[in-house]
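Residue-level listing of the chains:
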Amino acid sequence: MESFSYNGEWFKPFRKFTKSEREQPLSAVEGKLTRYSDEEFENQWNMADFYRKSHSDADLFWWHGRLILPSWDTFFFVNQWL
């Protein structure tokens, strides 16, 4: 999958969640994620626009060598496999 630019940053689609990852309860997933926090970046963030620019249906993306999970108002770093 090809890298794409969004708000001046480069991202690369990685993959979709597996069935078992999608079925995990939220309580099991929360401890494996860290919210990215940058007020200026978050003010420009739009998840629908992000996915349009990605030309991908991936759930996970690479950004600066870290795996991320996009959400509605920001994204989360994946600290360990879900």
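Scroll up a little and you will see the structure.
Summarised in this report is the structure supplied together with it. (Residues numbered from 1 in each chain as written. Predicted model: local features only at pLDDT ≥ 70, side-chain atom pairs only at ≥ 80, totals over all residues. Heavy atoms only, no water.)

1. Some points on the overall build of the protein
Inclusion rule: Strands are runs of DSSP state E lasting at least 2 residues, helices are runs of H or I lasting at least 4, and numbering of each runs from the N terminus. The globule rule used here is 2.2 Å times the number of residues to the 0.38 power, and the radius of gyration it is set against is calculated over C-alpha atoms. Remark: exposure states derive from per-residue accessible area (1.4 Å probe, protein chains only) relative to the maximum for the residue type, with buried under 20%, exposed over 50%, and partly exposed in between. Note on contacts: a residue pair is in contact if any heavy atoms of the two residues lie within 4.5 Å. Per-residue and other accessible areas follow the Shrake-Rupley method at a 1.4 Å probe size, with only the shown protein chains counted as cover for residues. In this tally, Asp and Glu contribute negative charge and Lys and Arg positive charge; neither His nor the terminal groups of the chain are included. Lysine's charge is taken at NZ, arginine's at CZ, aspartate's at CG and glutamate's at CD.
Helix and strand counts for the protein stand at 4 helices and 6 strands. Secondary structure elements of the protein occur, N-terminal to C-terminal, as β-β-α-α-β-α-α-β-β-β. Here the C-alpha radius of gyration of the protein, 12 Å, is about what a compact globule of 82 residues would show, namely 12 Å. The principal-axis extents of the C-alpha atoms in the protein amount to approximately 35 × 30 × 20 Å. Out of the 82 residues belonging to the protein, those deemed buried represent 39%. In the protein, the proportion of contacts linking residues at least 24 apart, taken out of those at least 6 apart, comes to 65%. When the accessible surface of the protein is summed, it comes to about 5,300 Å², and 50% of that surface belongs to carbon and sulfur atoms. The averaged location of the 13 negative side-chain charges in the protein is 8 Å from the averaged location of its 10 positive side-chain charges.

2. Concerning the nonpolar core
For clarity, the threshold we go by: Grouping buried Ala, Val, Leu, Ile, Met, Phe, Trp, Tyr and Cys residues that are joined through side-chain atoms within 4.5 Å yields what is termed a nonpolar core.
Counting residues in each nonpolar core, the largest one holds 14 residues, and the members touching the most others are Phe 11, Trp 45, Phe 50, Trp 63, Ile 68 and Phe 75. Of all the secondary structure elements, the ones that give two or more residues to this core are β1 (4–6), α4 (47–54), β4 (60–63) and β6 (75–78). Setting aside residues no more than four positions away along its own chain, Ile 68 makes contact with Phe 11, Asp 59, Leu 60, Phe 61, Trp 63, Phe 75, Phe 76, Phe 77 and Val 78. Ranked by size, the runner-up nonpolar core spans 7 residues in total, among them Phe 17, Leu 33, Leu 69 and Val 78.

3. Regarding the pattern of salt bridges
To keep it simple, the criterion reads: Each reported salt bridge corresponds to a side-chain nitrogen of Lys or Arg within 4 Å of a carboxyl oxygen of Asp or Glu.
Tallying each qualifying case throughout the model produces 6 salt bridges. The closest approach of N and O atoms between Lys 19 and Glu 23, which form a salt bridge, is 3.9 Å. For the pair Lys 19 and Glu 23, a shared accessibility class is recorded, and that class is exposed. For Asp 73, the salt bridge goes to Arg 35, with nearest N and O atoms at 3.5 Å. Pair noted here: Asp 73 is in the loop between β5 (66–70) and β6 and Arg 35 is in strand β3 (residues 33–35), with a separation of 38 residues, a long-range link. Note on Arg 35: relative accessible area 38%, which makes it partly exposed. Linked by salt bridges that have partners in common, Arg 35, Glu 42 and Asp 73 make up one network.

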